[in-house]
Amino acid sequence: MDTGTQSSDTHPDTAGLRARWQATVTAAGAAADRDPAPYADRLLTAWAEPQRRYHTTAHLADVLARIDVLAAHAADPAAVQLAAWFHDAVYRPDRSENEERSAALAERALPELGIDPARTAEVARLVRLTVTHDPAPGDTDGEALCDADLAVLAGDPGAYAAYAAAVRAEYGFVPDDAFRAGRAAVLRQLLGLPRLFRTPYGAAHWEAPARANLAAELAGLTDPTTDPTTGPTDDLGI
């Protein structure tokens with residue numbers, strides 16, 4: 001979210017993303033007589049909204065790239081890819097229902113493309129799972145999506161700092177003291193989990209660096225001499 005780095009370019013190759021969307025909806029069973037291009041346009045417009053600093057098209061591209069790495073682990077890679085497209089399609093940092101509204105968007109859009117009800121339901125379920133990033137044992141689709149989304153935590157220090165600054169900017173309306181307290185609570189919760197990553201690849205490659213980054217961030221947030229604008233965050237969560 002291979003080191004889990006976040007691109008510094010918030011406007012990646014949209015032509016490439018559109019081509020990828022076309023391939024994904026085709027693999028997911030979209031009807032041949034439905035044009036997926038307008039859906040790509042609407043999704044990419046949403047991902048480029050001005051309130052976003054971290055949850056941008058660059059984040060979308062990074063999550064899709066991580067899913068490529070983890071695809072063999074998933075039971076339904078096409079559903080996982082579609083869930084990545086929708087998981088932050090609705091995003092307002094001052095709202096708590098983003099995942100639910102994003103899942104509802106998938107439930108409306110995918111049937112219009114002719115994608116069958118079972119796969120549509122799986123995509124929506126996966127989007128809702130990103131509220132907790134806590135897939136049940138054996139939920140390989142959920143494990144792949146959640147690991148891909150959390151992989152940013154395993155970036156090198158420079159990439160992690162860029163991620164941190166971008167998310168803090170999204171939450172610029174939150175006062176520093178409240179932000180520190182809320183984010184520190186989130187970090188303690190994450191560090192208290194027995195595993196951050198559930199896939200074998202994520203556990204082997206991302207677990208240790210992610211925990212080091214989270215611990216360093218927590219130390220900075222609880223040090224009153226640290227500039228809060230440089231402390232990593234992610235919607236006071238992920």
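None of these values were measured; they are calculated from a predicted model.

**Side note on the overall build of the protein**
- Within the protein one finds eleven helices and zero strands.
- Moving toward the C terminus, one meets the helices and strands of the protein in the order α-α-α-α-α-α-α-α-α-α-α.
- The buried share of the protein, reckoned over its 238 residues, is 50%.
- Here the protein displays about 9,800 Å² of accessible surface, and carbon together with sulfur accounts for 58% of that area.

**A closer look at the packing of aromatic side chains**
- Applying the stated rule across the entire model yields seven aromatic pairs.
- Pairing tyrosine 54 with tyrosine 163 gives two aromatic rings, centres 5.1 Å apart and planes at 75 degrees, and the pair type is edge-to-face. Residue tyrosine 54 is located in the loop between α2 (37-47) and α3 (57-70), and its partner tyrosine 163 is located in helix α8 (residues 157-170); the two are separated by 109 residues in the primary sequence.
- Three or more aromatic residues joined by ring pairs make a cluster, and in this case those are Trp21, Trp85 and Phe86.
- In this structure, arginine 52 is placed above the aromatic ring of tryptophan 47, and the distance from its NZ or CZ to the ring centre is 5.3 Å.
- Positioned over the ring face of phenylalanine 179 is arginine 168, at 4.0 Å from the centre of the ring.

**Examining helix α6 (residues 117-129)**
- The terminal C-alpha atoms of α6, which comprises 13 residues, lie 18 Å apart, in line with the 18 Å expected from a rise of 1.5 Å per residue.
- Among the residues of α6, Arg119, Thr120, Glu122, Val123, Ala124, Leu126, Val127 and Leu129 are the ones counted as buried.
- Turning to α6, the residues buried within the fold contact α1 (14-27), α4 (77-86), α5 (98-112) and α7 (140-150).

**Concerning the pattern of salt bridges**
- Applying the stated criterion to the full structure yields 15 salt bridges.
- Residue aspartate 33 pairs with arginine 34 through a salt bridge whose shortest N-O separation is 3.3 Å.
- Classification of arginine 34 as partly exposed rests on a relative accessible area of 37%.
- Each of the salt bridges in this network shares a partner with another, and the network as a whole consists of Glu100, Glu107 and Arg128.

**Quick word on the confidence of the model for the protein**
- Per-residue confidence for the protein gives a mean pLDDT of 90; residues scoring 70 or more make up 88%.
- This stretch, residues 1-10, has a pLDDT under 50; its non-local contacts, to residues over four places away or in other chains, come to 42 contacts.
- In this model residues 226-235 is a low-confidence stretch, pLDDT under 50, and it forms 33 contacts with partners more than four residues away in sequence or in other chains.

**Re the nonpolar core**
- Among the nonpolar cores identified, the biggest contains 62 residues, and Trp21, Leu82, Trp85, Phe86, Leu110, Val123 and Leu153 are the most heavily contacted of them.
- Among the elements that make up this core, the one with the highest residue count is α4 (eight residues).
- Look past the residues within four positions of leucine 82 in its chain and what remains in contact with it is Trp21, Thr24, Val25, Ala28, Leu110, Ile115 and Val123.

**Looking at the packing of α3 against α7**
- In contact at an axis separation of 8 Å, α3 and α7 are set at 130 degrees when each is read in the N-to-C sense. Overall, the two elements α3 and α7 adopt an arrangement that is oblique. In terms of crossing hand, the pair formed by α3 and α7 is right-handed. Between α3 and α7, the residues in contact are His59, Val63, Arg66, Ile67 and Leu70 and Ala144, Leu145, Asp147, Ala148 and Asp149, respectively.
- Residues of the contact of α3 with α7, tallied by class, amount to six nonpolar, one polar and three charged.

Basis of the calculations
- Think of each chain on its own: its residues are numbered from 1, step by step along the sequence as written.
- Reporting in this predicted model follows two pLDDT cut-offs: at least 70 for local features of residues, and 80 or more for side-chain atom pairs to be given and counted; totals over whole chains, interfaces and linings ignore these cut-offs and use all residues.
- Computation of side-chain values covers all heavy atoms of the structure but excludes hydrogens and water.
- Under the DSSP-based scheme used, a helix requires at least four consecutive residues in state H or I and a strand at least two consecutive residues in state E, with every element numbered from the N terminus.
- Relative accessibility thresholds used throughout: buried, under 20% of the residue-type maximum; exposed, over 50%; partly exposed, between the two (1.4 Å probe, protein chains only).
- Only the protein chains shown count as cover for residues, and all accessible areas are computed by the Shrake-Rupley method using a 1.4 Å probe.
- Each aromatic pair joins two rings of Phe, Tyr and Trp (for Trp, the six-membered one) with centres within 6.5 Å, and gets the label stacked for planes under 30 degrees apart, edge-to-face for over 60, and tilted for any other angle.
- Only when the NZ of Lys or the CZ of Arg is both within 6 Å of the ring centre and within 35 degrees of the ring normal is a charge said to sit over the ring.
- Every helix has an expected span of 1.5 Å times one less than the residues it contains.
- Contacts were defined at the residue level, with two residues in contact if any of their heavy atoms lie within 4.5 Å.
- The salt bridge criterion pairs a side-chain nitrogen of Lys or Arg with a carboxyl oxygen of Asp or Glu, the two atoms within 4 Å.
- How sure the predictor is of each residue is captured by pLDDT, a score from 0 to 100.
- Only buried residues count toward a nonpolar core, which is a set of Ala, Val, Leu, Ile, Met, Phe, Trp, Tyr and Cys residues joined through side-chain atoms within 4.5 Å.
- Every axis corresponds to a line fitted to the C-alpha atoms, with the helix fit spanning only the stretch in contact, and the corresponding angles, defined between N-to-C directions, vary from 0 to 180 degrees.
- When an angle is under 35 degrees it counts as roughly parallel; over 145 it counts as roughly antiparallel; between 65 and 115 it counts as roughly perpendicular; any other value is oblique.
- Helix crossings get a hand from a simple test, with the near helix turned counterclockwise from the far one by less than a right angle marking a left-handed crossing and a clockwise turn marking a right-handed one.
- Amino acid classes used here: Ala, Val, Leu, Ile, Met, Phe, Trp, Tyr, Cys and Pro are nonpolar; Asp, Glu, Lys and Arg are charged; the rest, including Gly, are polar.

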